[in-house]
Amino acid sequence: MPLAEDLAAYVTALRGVDASKGPPGYRGVPLAARDRFLREALAQLAPCAVPPADALRSAVEGCCPTC
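Residues numbered from 1 in each chain as written. Predicted model: local features only at pLDDT ≥ 70, side-chain atom pairs only at ≥ 80, totals over all residues. Heavy atoms only, no water.

Student: Could you clarify how one ought to interpret the overall build of the protein chain in this entry?
Tutor: Assigned secondary structure in the protein chain consists of three helices and zero strands. In sequence order, the protein chain lays out its α and β elements as α-α-α. For the protein chain, with 67 residues in total, the buried portion stands at 7%. Here the protein chain has roughly 5,700 Å² of accessible surface; of this, 63% comes from carbon and sulfur atoms. (Helix = DSSP H or I, 4+ residues; strand = E, 2+ residues; numbered from the N terminus. Buried < 20%, exposed > 50% of the residue type's maximum accessible area, 1.4 Å probe, protein only. Areas by Shrake-Rupley, 256 points an atom, 1.4 Å probe, with all protein chains shown as cover.)

Student: What is the right way to look at a nonpolar patch on the surface in this model?
Tutor: On the surface, Leu7, Tyr10, Val11, Leu14 and Val17 cluster together to form a nonpolar patch covering roughly 490 Å² of accessible area. One can find Val11 in helix 1 (residues 2-15). (Patch = residues over 30% accessible without salt bridge, like charges linked within 9 Å, V, L, I, M, F, W, Y side chains within 5 Å. Salt bridge = Lys/Arg side-chain N within 4 Å of Asp/Glu carboxyl O.)

Student: What is the right way to look at helix 1 in this model?
Tutor: It helps to recall that an α-helix has 3.6 residues per turn; residues three or four apart then point in one direction. The terminal C-alpha atoms of helix 1, which comprises 14 residues, lie 20 Å apart, in line with the 20 Å expected from a rise of 1.5 Å per residue. Along helix 1, only zero of the 14 residues are buried, which leaves the element largely exposed. (Expected span 1.5 Å × (residues − 1).)

Student: Explanation requested: the pattern of salt bridges in the structure shown.
Tutor: Under the counting rule described, the total for this entry stands at two salt bridges. Between Arg39 and Asp35 there is a salt bridge, with its nearest N and O atoms 3.0 Å apart. Here Arg39 pairs with Asp35, and both are found in helix 2 (residues 35-45), just four residues apart, close to one helical turn. Asp35 gets classed as buried once you look at its relative accessible area, which sits at 16%. With a shortest N-O distance of 3.2 Å, Glu40 and Arg36 are connected by a salt bridge. Remark: Arg36 and Glu40 occur in helix 2; sequence separation between them is four residues, near one turn of the helix. Judged by its relative accessible area of 41%, Glu40 is partly exposed. Arg36 gets classed as exposed once you look at its relative accessible area, which sits at 64%.

Rendered as structure tokens:
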């Protein structure tokens, strides 16, 4: 079950990341309320983002066309 093992390794690594200095979570908040923050974050990621920041921006705009 390589897929299950890969997923388990990914989740284990993700849980090992120290997120204490990361941005606060905003579950349940409308995307429009976070638009400015998201665009600023995408601009900072643009030089090194994988997938590219423009692809991420397009995906966000598809989810929130009024933003």
